[in-house]
Each structure stands twice: as C-alpha cells, then as structure tokens.
Amino acid sequence: MMDRRTFLGSLVAIAAATPLRSGPARAADPVPAARNVVLVHGLFADGSCWSEVIPRLQAAGLNVTSVQNPLTTLDEAVAATRRVLARQEGPTVLAGHSFAGMIVTEAGVDPRVSSLVYVAARAPDAGEDYAALAMQYPAPPATAGIMYDGDEGRLSEAAFLRDFAGDLPEERAKVLYAVQEPFHKALLAGRTGQAAWRSKPNFYAVSTEDRTINPDLQRFMAKRMGAETIEVKASHLSLISQPDIIASLILKAAGRP
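In this text the structure is predicted, and so the values were computed from the model without any measurement.

A. Layout of the sheet that holds strand S4 (residues 113-119). In spatial order, the strands read S2-S1-S3-S4-S8-S9; together these 6 strands make up an open sheet with parallel pairing. In the strand order of this sheet, the two ends are held by strand S2 (63-67) and strand S9 (228-232), each with one partner. Adjacent strand axes in the sheet meet at a mean angle of 15° when their direction is disregarded. Across 4 bridges, S4 lies against strand S8 (residues 202-207) in parallel orientation.

B. View of the environment of Ala 60. Along the chain, Ala 60 turns up in the loop between helix H2 (54-59) and S2. Residues Ala 60 and Leu 251, spaced 191 residues apart in sequence, show a C-alpha to C-alpha distance of 8.2 Å. Excluding its chain neighbours within four sequence positions, the residues that come into contact with Ala 60 are Leu 251 and Arg 256.

C. Structural detail: the nonpolar core. Formed by 76 residues in total, the largest nonpolar core has its most connected members in Trp 50, Leu 57 and Ile 250. When residues no more than four places from it in sequence are discounted, the contact partners of Ile 250 are Val 37, Leu 39, Trp 50, Val 53, Leu 57, Val 93, Ala 95 and Val 117.

D. Structural view of the pattern of salt bridges. All told, the structure shown has 16 salt bridges when counted by the stated rule. With its nearest N and O atoms 3.7 Å apart, the salt bridge here joins Glu 209 to Lys 233. Here Lys 233 lies in the loop between S9 and helix H10 (238-241) and Glu 209 lies in the loop between S8 and helix H9 (215-225), a separation of 24 residues in the sequence. The partly exposed category is assigned to Glu 209, whose relative accessible area is 42%.

E. View of empty space enclosed by the protein. Overall, the coordinates contain 1 cavity of 30 Å³ or more when judged by the stated rule. Lining the largest cavity are Phe 44, Ala 45, Asp 46, Ser 48, Cys 49, Phe 160, Phe 164, Leu 176, Val 179, Gln 180, Leu 237 and Ile 240. In the lining of the largest cavity, the residues fall into 9 nonpolar, 2 polar and 1 charged.

F. Structural context of the packing of helix H6 (residues 157-164) against helix H7 (residues 170-178). Direction vectors running N to C along H6 and H7 enclose 125°, while the axes themselves pass 10 Å from each other. With respect to their mutual orientation, H6 and H7 come out oblique. Judged by the sense of rotation from one axis to the other, the crossing of H6 with H7 is right-handed. Between H6 and H7, the contacting residues are Glu 157, Phe 160 and Leu 161 on the first element and Ala 173, Lys 174, Leu 176 and Tyr 177 on the second. For the contact of H6 with H7, the per-class residue count stands at 5 nonpolar, no polar and 2 charged.

G. Spatial organisation of unusual backbone geometry. Its identity is not glycine, yet Phe 44 carries a phi of approximately 65°, on the positive side. For Phe 44, the location among the structural elements is in the loop between strand S1 (36-40) and H2. Take Phe 44: its relative accessible area is 5%, and that puts it in the buried class. For Ala 120, which is not glycine, the phi dihedral falls at a positive 45°. The buried category is assigned to Ala 120, whose relative accessible area is 0%.

H. H9, seen in detail. Along H9, the residues that are buried comprise Pro 215, Leu 217, Gln 218, Met 221, Ala 222 and Met 225. The arc that holds the buried residues of H9, viewed along the axis, is 155°, so those residues lie on one side. Looking at the buried residues of H9, the elements they touch are S4, helix H5 (130-134), S8 and S9. Regarding H9, its N-cap is Asn 214, as a side-chain oxygen of that residue lies 2.7 Å from the backbone nitrogen of Asp 216 further along. Phi turns positive, to about 70°, at Gly 226, one or two residues after H9.

I. Looking closely at helix H3 (residues 74-86). Taking 1.5 Å of rise per residue, 13 residues should cover 18 Å, and H3 covers 18 Å from first to last C-alpha, within 8% of that figure. For H3, every residue scored as buried is listed here: Leu 74, Ala 77, Val 78, Ala 80, Thr 81, Val 84 and Leu 85. Looking straight down H3, one finds that the buried residues subtend no more than 155° of arc, so they occupy a single side. Structural note: H3 exposes Asp 75 and Arg 83 on the side pointing more than 90 degrees away from its buried face. Looking at the buried residues of H3, the elements they touch are S1, S2, strand S3 (92-97), helix H4 (100-107), S4 and helix H8 (185-188).

Rules used in this analysis
- Residues numbered from 1 in each chain as written.
- Predicted model: local features only at pLDDT ≥ 70, side-chain atom pairs only at ≥ 80, totals over all residues.
- Heavy atoms only, no water.
- Pairing = 2+ DSSP bridges.
- Helix = DSSP H or I, 4+ residues; strand = E, 2+ residues; numbered from the N terminus.
- Axes fitted to C-alpha atoms, helices over the stretch in contact; angles between N-to-C directions.
- Contact = heavy atoms within 4.5 Å.
- Core = buried A, V, L, I, M, F, W, Y, C linked by side-chain atoms within 4.5 Å.
- Buried < 20%, exposed > 50% of the residue type's maximum accessible area, 1.4 Å probe, protein only.
- Salt bridge = Lys/Arg side-chain N within 4 Å of Asp/Glu carboxyl O.
- 1 Å grid on protein atoms, 1.4 Å probe; cavity = no way out; pocket = protein on both sides within 12 Å on 5 of 7 lines; lining within 4 Å.
- Points joined across faces, edges and corners; volume = space filled by probe spheres on them.
- Nonpolar A, V, L, I, M, F, W, Y, C, P; charged D, E, K, R; others polar.
- Parallel < 35°, antiparallel > 145°, perpendicular 65-115°, else oblique.
- Left-handed = near helix turned anticlockwise from the far one by under 90°.
- Arc of directions from axis to C-beta.
- Polar contact = N/O pair within 3.5 Å; in protein donor to acceptor, adjacent residues only side chain to side chain.
- Expected span 1.5 Å × (residues − 1).

So, in structure tokens, the structure goes:
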C-alpha cells in the first residue's frame, strides 16, 4: 500500500513528466521559487542596460546574470542565452527586453527556466512572422530612426534620445547611445521555432509611453499569452527609468514576496 506522502510525491513526478501543453500558460498558474535570474537585452543596447535592475535583484538574494547578446542572428543569440542557462543551478527566471523577447520565447523551454518575464518585449508564437504582426499596428516613431551601415543597423542619436530613451535624463541617454551595440540585418529575419510562454508562467511589463514598440501591440501579445501584466508609465527603457517596478515584477516571477 502507498501512503499519502508517497502518493503525492508520485503525482509531482507525473506532473513533471507531462508534455508541454499547446495552450498558453495563465497568470494564475503557480510560480516556482527561483534561485537565479538570467536577463537578456535587445536591439540598440548591451548587457549593461540591466544595471539598475541587477542590484535590486541581488539584494533579494538572487543569482543574476546578464547575457551579452551578440545581435548577429537569432540562432546565435539563443545559443548565447542557452550557454548562460546551462550554468544555472536550480529554477531560473528568464527575462528579456525588447527584441530579446524573441530569445526568451525560444530559449525559455529550457527545463531550468521556471518563469518568463517580458519587458516591453516581442512575444511571438512559434513560427510567427513578427514583422507581419507588428504591421497590424501603427509603426512606432523609432522605426524611422534606424540607420544601416552595410549589414549593421543602429539608431540615430536623435531617435535614440527621443524615441528609445525619452524619459531618461539627456546625459544618461547619451551615454547609452554611445555604447549601443549594432545589430545585423540577419537577426531580424529569424523566427522562433517554439513558444515557451505556452508552457511556462509568464509576466509582461507594458511601457505605456513606448515609441519603439507600439504599446497596443504589447498589450495584444501579453493578453494572448495570458501573462500577468502591469502597465508602466515609461519609455521603451522602463528597466532603467522605472527599475523598482521592473525588479518587483521579476521578483514576483521568482516566487518572491
């Protein structure tokens, strides 16, 4: 005869072995307590864009790593994130800003990942043409500020200050502009083969003053995922202008009070 504790343990083991479901995870789904957070940056930035959020997470006792996204191809960006995930011990929150939502969506199926956080980020379905989805909404002003030098793209200074980092002090925004990482055109052609948000608890921070990704597109993606969603009165760089709010959302995704 199996006692109650053994029976409950068996149920947990069966649940862990259950295949990924096809429907989206819901905000009411239980969130496992995480020990680690892996952060991924998007276009026009580097890993230091999380510098305001990182100390807040570390103060809560979390192990934090910011991925240096190569911004070359989606496959290479996902591979860089997977290498970081492979070093984590225990449940891990995977959070992405902007374009990095593509990476979170693909790499988030890793069994180490306990929950997902999207910060003003792309959140495509598996195989979805994100550009076609985005065209269903008015183009954000930052789009017109993208300049190409051969295969490399970056934002003009005017667009960076106005449309990307519009709620930051000009001196801070200029420093961020100076260190922006150029992206390769090939990066934009990538499509996700998996949608981790269909099987993992997920959270979304909409930037209501965003001029880089249309806020209504953000709301659509968050609703489609069934994400626990907050709205932040911020530019595209809410992780810098409102780090307390973004850190609190990540802590919630980590199962912290």
